[in-house]
Amino acid sequence: MEKATVRDLVNVEGKRILLRCDLNVPQDKNTGAILDETRIKASLATIKYLLERGARLVVCSHLGRVKTEEDKAKYTLKPVFNRLKELLPDVKISFASECVGPETEKMANTLKNGQILLLENLRHFAGESKNDPAFAKQLSLLGEYYVNDAFGAAHRAHASTEGVAKFLPAVAGFLLEKEIKILGEAISNPKRPLTIIMGGKKVSDKIALIEGILPLADNILIGGGMSYTFCKVQGGEIGNSIFDEPSVDKCKEFLATAKNKLVLPIDSVIADDFSNDAHIDVVDAGKIPNGWEGLDIGPKTVELFGSYIAKSGTIIWNGPLGAYEMSNFSNGTHGVAEHVTKSNAITIVGGGDAASAVTVMGFADKMTHISTGGGASLEFLEGKQLPGVLALLEKNVKIS
Ligand code: AMP
């Protein structure tokens, strides 16, 4: 069913619009500097469209995973606020340090046409991730319409992605609309072979995603931190590499039922510390000594993966193949990106870190599509309904 979009909001002049963006940008762990602003820039089309039509925007987003009080200072949207002001120099943008409450409502109510109020990180409030209806209701008081442009968060039923849509007429922004169109086309009739490249370190999340995507994929190339659990399950020595005990049974199951589709690393770049200054070495898979950890796929694996990539009709890539933020462990991701850009396949890169890696390494414009959603893109590709999309109005519903 097609969803209503910002184009279906006939007259937004003077209207307050609660706009959920995905401004969850990767940041330097020490300085907080924004490492890749793809998501901010990807949000601008909807922002500009609404501002040009005289809307008053209340923009909100999550940033990082906030678990403790200290995390709140670390995961603030203030750097995004500063960058947004640079990107939209002619627009008056203010910042609300509380996402909800009388003070923020007052700020939203006194916005003028063409102005923006950016709210602090939604995850500073526990009600966001719990999809607390009371929090969602409070958020809804900030707007007359709700626009969801946060494709990267659409697979989560949170207050700002799902709950709030119960209280306001809810439509999709341009980015959300575009993502669904491109990813939908890639899976409805994919050019085969369809190769999935998976990396990153959130092993349990990604294992769940492999399960969903297995029936669709012809090959799944597995690198990054998640590959070591597979390696250990097969009897390999992985030293201090990332290992996820709860995923062991699933890994065994995949190896038993889908081994012909899974392609695992055959060598690793290892280090004696999680640092760019550590001693490094390259060893065959499953031969990592105690005290060392695998932080990247090795050169033989890059070539192995390259041979599958060259034959592919469609490539969907989620997660970096090593700790690419450190130059000594970025060759795997770089090498695979080179193979991907040389292929004639339709190439879709999904997810924060893989998208950042590809962008920072200068390959972004050689890909067919860089998705702003990691988990969201994979869940969508698995055929799951995304709660943040499901909650939006259908195209044919009259919006008043
Ligand atoms: P994810 O969010 O699951 O896609 O994970 C992305 C993160 O995984 C990046 O910050 C990478 O540095 C990290 N990563 C990838 N491979 C490894 C590895 N072998 N060991 C530790 N971290 C890794």
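Attention in this report is confined to the structure presented alongside it. Since the model is a prediction, treat every value here as computed from it, not as a measurement. (Residues numbered from 1 in each chain as written. Predicted model: local features only at pLDDT ≥ 70, side-chain atom pairs only at ≥ 80, totals over all residues. Heavy atoms only, no water.)

### A short note on the overall build of the protein chain
Logical step 1: Looking only at helices and strands, one finds 15 helices and 17 strands in the protein chain.
Logical step 2: In terms of overall size, the protein chain behaves like a compact globule, its C-alpha atoms giving a radius of gyration of 22 Å where 400 residues would be expected to give roughly 21 Å.
Logical step 3: Once the C-alpha set of the protein chain is aligned to its principal axes, its extents read approximately 65 × 45 × 35 Å.
Logical step 4: The long-range share in the protein chain, meaning contacts at least 24 apart out of those at least 6 apart in sequence, stands at 73%.
Logical step 5: When the accessible area of the protein chain is evaluated, it comes to approximately 17,100 Å², of which 50% is carbon and sulfur surface.
Logical step 6: Averaged over its 46 positive side-chain charges, the protein chain has a centre that lies 5 Å from the centre of its 49 negative ones. (Helix = DSSP H or I, 4+ residues; strand = E, 2+ residues; numbered from the N terminus. Rg over C-alpha atoms; globule rule 2.2 N^0.38 Å. Contact = heavy atoms within 4.5 Å. Areas by Shrake-Rupley, 256 points an atom, 1.4 Å probe, with all protein chains shown as cover. Lys, Arg positive; Asp, Glu negative; His and termini not counted. Charge placed at Lys NZ, Arg CZ, Asp CG, Glu CD.)

### Regarding the pairing of strand β15 (residues 314–318)
Logical step 1: Counting buried residues in β15 gives 5 out of 5 residues, a clear majority hidden from the surface.
Logical step 2: By the alternation rule, side chains of β15 split into Thr314, Ile316 and Asn318 and Ile315 and Trp317, which are all buried.
Logical step 3: Across 5 bridges, strand β7 (residues 194–198) lies against β15 in parallel orientation. Across the sheet, the residue bridging to isoleucine 197 is tryptophan 317, located in β15.
Logical step 4: Relative to strand β16 (residues 346–350), β15 runs parallel, the two being bridged by 5 bridges. For tryptophan 317, the partnering residue across the bridge sits in β16 and is valine 349.
Logical step 5: Assessed by its sense of winding, the connection that carries the chain from β15 through helix α12 (residues 331–342) to β16 is right-handed. (Buried < 20%, exposed > 50% of the residue type's maximum accessible area, 1.4 Å probe, protein only. Pairing = 2+ DSSP bridges. Right-handed = clockwise from strand over helix to strand, strands pointing away.)

### Things to note about the side chain of serine 268
Logical step 1: Inspection of the secondary structure puts serine 268 in strand β11 (residues 267–271).
Logical step 2: Sequence-distant contacts of serine 268, defined by excluding residues within four places in its chain, comprise Tyr228, Asp281, Val282, Val283, Ile288, Asp296, Ile297 and Gly298.

### A word on a positive patch on the surface
Logical step 1: Judged by side-chain charge, Lys29, Lys74, Lys201 and Lys202 come together as a positively charged surface patch.
Logical step 2: The class of lysine 29 is exposed, set by a relative accessible area of 75%. (Patch = residues over 30% accessible without salt bridge, like charges linked within 9 Å, V, L, I, M, F, W, Y side chains within 5 Å. Salt bridge = Lys/Arg side-chain N within 4 Å of Asp/Glu carboxyl O.)

### Some points on the packing of helix α8 (residues 203–213) against helix α10 (residues 248–257)
Logical step 1: Two numbers describe how α8 lies on α10: the axes approach to 10 Å, and their chain directions differ by 30°. Here α8 is positioned roughly parallel relative to α10, judged by the angle of their axes. The handedness of the crossing between α8 and α10 is left-handed. Across from Ile207, Ile210 and Glu211 in α8, the residues of α10 making contact are Lys250, Cys251, Glu253 and Phe254. (Axes fitted to C-alpha atoms, helices over the stretch in contact; angles between N-to-C directions. Parallel < 35°, antiparallel > 145°, perpendicular 65-115°, else oblique. Left-handed = near helix turned anticlockwise from the far one by under 90°.)

### So, the pattern of salt bridges
Logical step 1: Going through the model one piece at a time under the given rule, you end up with 19 salt bridges.
Logical step 2: Close ionic contact of glutamate 394 with lysine 3 constitutes a salt bridge, the shortest N to O distance being 3.1 Å. Here glutamate 394, found in the segment after α15 (387–390), pairs with lysine 3, found in the segment before β1 (16–20); they are 391 residues apart in sequence, far enough to count as distant.
Logical step 3: Where arginine 7 meets glutamate 177, a salt bridge forms, and the shortest distance between an N and an O atom there is 3.1 Å.

### Looking at the site of the ligand
Logical step 1: Surrounding the ligand, one finds 17 residues, the nearest of these being Lys201, Lys202, Lys206, Gly294 and Glu325.
Logical step 2: A distance of 3.0 Å separates an oxygen atom of the ligand from a polar backbone atom of lysine 201.
Logical step 3: Measuring from an oxygen atom of the ligand, one finds a side-chain N or O atom of lysine 202 at 2.7 Å.
Logical step 4: Within the complex, 92% of the 510 Å² of free accessible area of the ligand lies under protein. (Near = heavy atom within 4 Å. Polar contact = N/O pair within 3.5 Å; in protein donor to acceptor, adjacent residues only side chain to side chain.)

### Describing the packing of helix α11 (residues 299–311) against α12
Logical step 1: The N-to-C vectors of α11 and α12 enclose an angle of 20°; their axes lie 9 Å apart at closest approach. What the angle tells us is that α11 and α12 run roughly parallel. As for how α11 packs across α12, the hand of that crossing is right-handed. Contacts between α11 and α12 involve Val302, Glu303, Phe305, Gly306 and Ile309 from the first element and Gly332, Gly335, Val336, His339 and Val340 from the second.
Logical step 2: Of the residues belonging to the contact of α11 with α12, the class tally is 5 nonpolar, 4 polar and 1 charged. (Nonpolar A, V, L, I, M, F, W, Y, C, P; charged D, E, K, R; others polar.)

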